[in-house]
Amino acid sequence: MHAAHPVAYPLLQAIPGPVRRVPGLGVVVKDAALARALLLDGEGFSKTGPGASSDLWTPVLGPSVLVNMHGEDHRALRRRLAPIFAPGFVDPLVARTLGEGARALEARLLAGERVDLAAHVRRAASAAIALLVGLDEGAVDERLFRRVTAITGMVRLARPRFTPGQVRRARAVLDELAVHAAAAHRGDESTVPGRMRALGLDERESLGAVGAFVLTGTETIVAALPRIAALLIDSGTLAEALDEEGAERAIAEGMRWTTPTPVMLRSVVAPRSIGDVAVAPGDRVVVATYAADRATGGFDPAERRAAGLKQLWFGAGEHFCIGAPLAMAQLRLGLGALRGVERAGARVRIVQRRPARGRLLPAWGSLVLEAR
């Protein structure tokens, strides 16, 4: 967290109390119950409006993508996209993008090789981007992932919008990908754009959704999987995740502690009170999700602290992350490779690590593993 946000993270950590108005930033909420209540209150708090997600993403992605929509239009688009995240589509997609890599990871570790898990997952994310936009996987490498994360890396908490120059740079990357996505949209259902066409989404809607998935979805697994693996290895609890129940507990606890969306933004659209702080239309609300999740205690899969939060790290209500099933399937497969190594009698350990910098989501830039 410090490497990714050397200023914003300490600032938010230093803010006292469950909710407080901070000049120049907004109303900061660090309590899980208050966060859930406002996320469920769609009549009082919106993702569109001053300081909300729409201010940030609409100039880059256009007006009709889930991350910057609210109300009936959002609900309608979400219903149309829902089949893409059903198990029947998600499981084959994850198998295509991560399956071979997960098997190779397990085999290399069991063969005594040292493997950089962070680099390994970045390559898998590039393959996922290829499938999202209809690119040939052989033409995709880490450079594409770095170009995508350079866009999200420009996000700053105290700056509600991208600068015009940043919008141009972001659009250049997404427009390049959109050429391939548009061609895929006209093709069969083997790619995500083709599947969207079959579900009735026109080209504009499909390209906007693809852009949102590329920007917000692929980076999530790259940040989460190595961090959760490191937490389990450092705490000596990876061996406790060998059965399915233990694995699900470990993933949930890992998601609670790492929180794939550390901060959520809302704009106040009707007078409300958050705890003892009154808010009015136009106020910006900063939900410090990571702080709310971590307030329940330190990392420990055995304590089941994650259960009471009801996956707050993915949001709540109608804006609960539509891609959550995909993220969970990716985590299960990725951590399954490490579980396979431990089941074979070897112990996975970390021999080298380096945090990533200049990224929106805190992540390991390098996490080198070996098995003994």
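This write-up is about the structure you can find in this document. Just so we're clear, the structure is a prediction, and the values are computed from it rather than from any experiment.

Considerations on the overall build of the chain
Phase 1: Each helix and strand in the chain was counted, giving 14 helices and ten strands.
Phase 2: Taking 2.2 N^0.38 as the reference for a compact globule, 372 residues should give roughly 21 Å; the C-alpha atoms of the chain span a radius of gyration of 20 Å, in line with that estimate.
Phase 3: Overall, the chain is about 60 × 50 × 35 Å in size when its C-alpha atoms are taken along their principal axes.
Phase 4: Here the chain holds 372 residues, and the buried ones make up 57% of them.
Phase 5: Partitioning the contacts of the chain with sequence separation of at least 6, the portion at a separation of at least 24 is 68%.
Phase 6: For the chain, the accessible surface area stands at approximately 15300 Å², while carbon and sulfur atoms represent 55% of it.
Phase 7: With 48 positive and 38 negative side-chain charges, the chain shows a separation of 5 Å between the mean positions of the two kinds.

Section: the pairing of strand 8 (residues 284-287)
Phase 1: Side chains of strand 8 alternate between two faces, with Arg284 and Val286 and Val285 and Val287 buried alike.
Phase 2: Both strand 2 (residues 26-29) and strand 8 contribute to a ladder of three bridges, which runs parallel. Note that in strand 8 the partner of valine 28 across the bridge is valine 286.
Phase 3: In this structure, strand 5 (residues 264-268) lies alongside strand 8, joined through four bridges in antiparallel fashion. For leucine 265, the partnering residue across the bridge sits in strand 8 and is valine 286.

What to know about helix 2 (residues 32-40)
Phase 1: Residues of helix 2 that are buried: Ala32, Ala35, Arg36, Leu38 and Leu39.
Phase 2: Elements that come into contact with the buried residues of helix 2 comprise strand 2, strand 3 (45-46), strand 5, strand 6 (272-274), strand 8 and helix 13 (289-294).

A closer look at the packing of helix 12 (residues 244-258) against helix 14 (residues 324-343)
Phase 1: Packing of helix 12 against helix 14 leaves a shortest axis separation of 11 Å and a crossing angle of 120°. Taken together, helix 12 and helix 14 sit at an angle that is classed as oblique. Here helix 12 and helix 14 pass one another in a crossing that is right-handed. In this structure, helix 12 uses Glu244, Ala247, Glu248, Ile251 and Met255 to contact helix 14, whose residues at the interface are Met328, Leu331, Arg332, Leu335 and Arg339.
Phase 2: Each residue belonging to the contact of helix 12 with helix 14 can be placed in one class, and the counts come to six nonpolar, no polar and four charged.

Remarks on helix 14
Phase 1: With 20 residues, helix 14 should reach 28 Å at 1.5 Å per residue; the first-to-last C-alpha distance of 27 Å fits that figure.
Phase 2: Its axis deflected by about 25° at alanine 337, helix 14 carries its strongest bend there.
Phase 3: The buried fraction of helix 14 is high, at 16 of 20 residues.
Phase 4: In the segment just after helix 14, glycine 345 is the residue with positive phi, at about 100°.

Remarks on the nonpolar core
Phase 1: If you look at the biggest cluster of nonpolar residues, it comprises 61 residues, and the most contacted ones within it are Ile274 and Leu369.
Phase 2: Broken down by element, the residue count for this core peaks at ten residues, all from helix 11 (residues 218-234).
Phase 3: Ignoring sequence-local partners within four residues, the contact set of isoleucine 274 consists of Val19, Val27, Val29, Leu34, Leu38, Phe45, Val279 and Val285.

Some remarks on the side chain of arginine 284
Phase 1: The residue arginine 284 is located in strand 8 in this model.
Phase 2: Among buried Asp, Glu, Lys and Arg side chains, arginine 284 stands out as unpaired, with aspartate 55 the closest opposite charge at 7.2 Å.
Phase 3: Among the polar contacts listed, one links the side chain of arginine 284 to the backbone oxygen of leucine 25, at a separation of 3.2 Å.
Phase 4: Setting aside residues up to four positions removed in sequence, arginine 284 forms contacts with Leu25, Gly26, Val27, Pro50, Gly51, Leu157, Pro160, Leu265 and Arg266.

Side note on the pattern of salt bridges
Phase 1: Tallying each qualifying case throughout the model produces 23 salt bridges.
Phase 2: The shortest N-O distance in the salt bridge between arginine 161 and aspartate 55 comes to 3.3 Å. Placement of arginine 161 in the loop between helix 7 (142-152) and helix 8 (164-185) and of aspartate 55 in helix 3 (residues 53-61) is noted, with a sequence separation of 106 residues between them.
Phase 3: Residue aspartate 55 is classed as buried on the basis of its relative accessible area, which comes to 16%.
Phase 4: Measuring nitrogen to oxygen at the nearest pair gives 3.3 Å for the salt bridge that ties glutamate 342 to arginine 347.
Phase 5: Residue classification places glutamate 342 among the buried positions, given a relative accessible area of 9%.
Phase 6: Overall, the relative accessible area of 49% leaves arginine 347 in the partly exposed class.
Phase 7: Linked through salt bridges whose partners overlap, the residues forming this network are Glu72, Arg75, Arg79 and Glu318.

A short note on the sheet that holds strand 10 (residues 364-371)
Phase 1: Taken together, three strands build an open sheet; the order of strands is 4-10-9 and the sheet is antiparallel. Of all the strands in the sheet, just strand 4 (115-116) and strand 9 (348-355) have a single pairing partner and so form its edges.
Phase 2: When strand 4 meets strand 10, the two strands line up antiparallel, connected through two bridges. Considered in strand 10, the bridge of aspartate 116 is made with valine 368.
Phase 3: Relative to the sheet, helix 11 contacts strand 9 and strand 10, its axis offset from that of strand 9 by approximately 130°.

Rules behind the numbers
- The residue numbering used here restarts from 1 in each chain and proceeds along that chain's sequence as written.
- Reporting in this predicted model follows two pLDDT cut-offs: at least 70 for local features of residues, and 80 or more for side-chain atom pairs to be given and counted; totals over whole chains, interfaces and linings ignore these cut-offs and use all residues.
- The side-chain quantities take in all heavy atoms of the structure and omit both hydrogens and water.
- Secondary structure elements follow DSSP: runs of H or I of four or more residues count as helices, runs of E of two or more count as strands, with numbering from the N terminus.
- All radius of gyration figures rest on C-alpha atoms, and the globule criterion is 2.2 Å times the number of residues raised to 0.38.
- The buried label goes to any residue with under 20% of its type's maximum accessible area, the exposed label to any with over 50%, and the partly exposed label to all in between, with areas taken from a 1.4 Å probe on protein chains only.
- We call two residues contacting when some pair of their heavy atoms lies within 4.5 Å.
- For every accessible area listed, the method is Shrake-Rupley and the probe measures 1.4 Å; residues are considered covered only by the protein chains on display.
- Positive charges come from Lys and Arg, negative ones from Asp and Glu, while His and the chain ends are left out of the count.
- Charged groups are reduced to one reference atom each: NZ for lysine, CZ for arginine, CG for aspartic acid, CD for glutamic acid.
- We call two strands paired when DSSP finds no fewer than two bridges between them.
- In this description, a line fitted to the C-alpha atoms serves as the axis of each element, helices being fitted only across the stretch in contact, and the angle between N-to-C directions of two axes falls anywhere from 0 to 180 degrees.
- In this scheme, roughly parallel covers angles under 35 degrees and roughly antiparallel covers those over 145, while 65 to 115 is roughly perpendicular and the rest are oblique.
- What makes a crossing left-handed is the near helix being turned counterclockwise from the far one by less than a right angle; a clockwise turn instead makes it right-handed.
- Following the grouping adopted for this structure description, the nonpolar residues are Ala, Val, Leu, Ile, Met, Phe, Trp, Tyr, Cys and Pro, the charged ones are Asp, Glu, Lys and Arg, and the polar ones are all others, Gly among them.
- Under the convention used throughout, the expected extent of a helix is 1.5 Å for every residue step, that is, one less than its residue count.
- A residue's bend is given by the angle between axes fitted to the 7 residues ending at it and the 7 residues starting at it.
- To define a nonpolar core, start from buried Ala, Val, Leu, Ile, Met, Phe, Trp, Tyr and Cys residues and group those joined through side-chain atoms within 4.5 Å.
- Any Lys or Arg side-chain nitrogen located within 4 Å of an Asp or Glu carboxyl oxygen qualifies as a salt bridge.
- Under this definition, polar contacts are N or O atom pairs within 3.5 Å; protein pairs additionally need one hydrogen-donor-capable and one acceptor-capable atom, and for neighbouring residues in sequence, both atoms have to be side-chain atoms.

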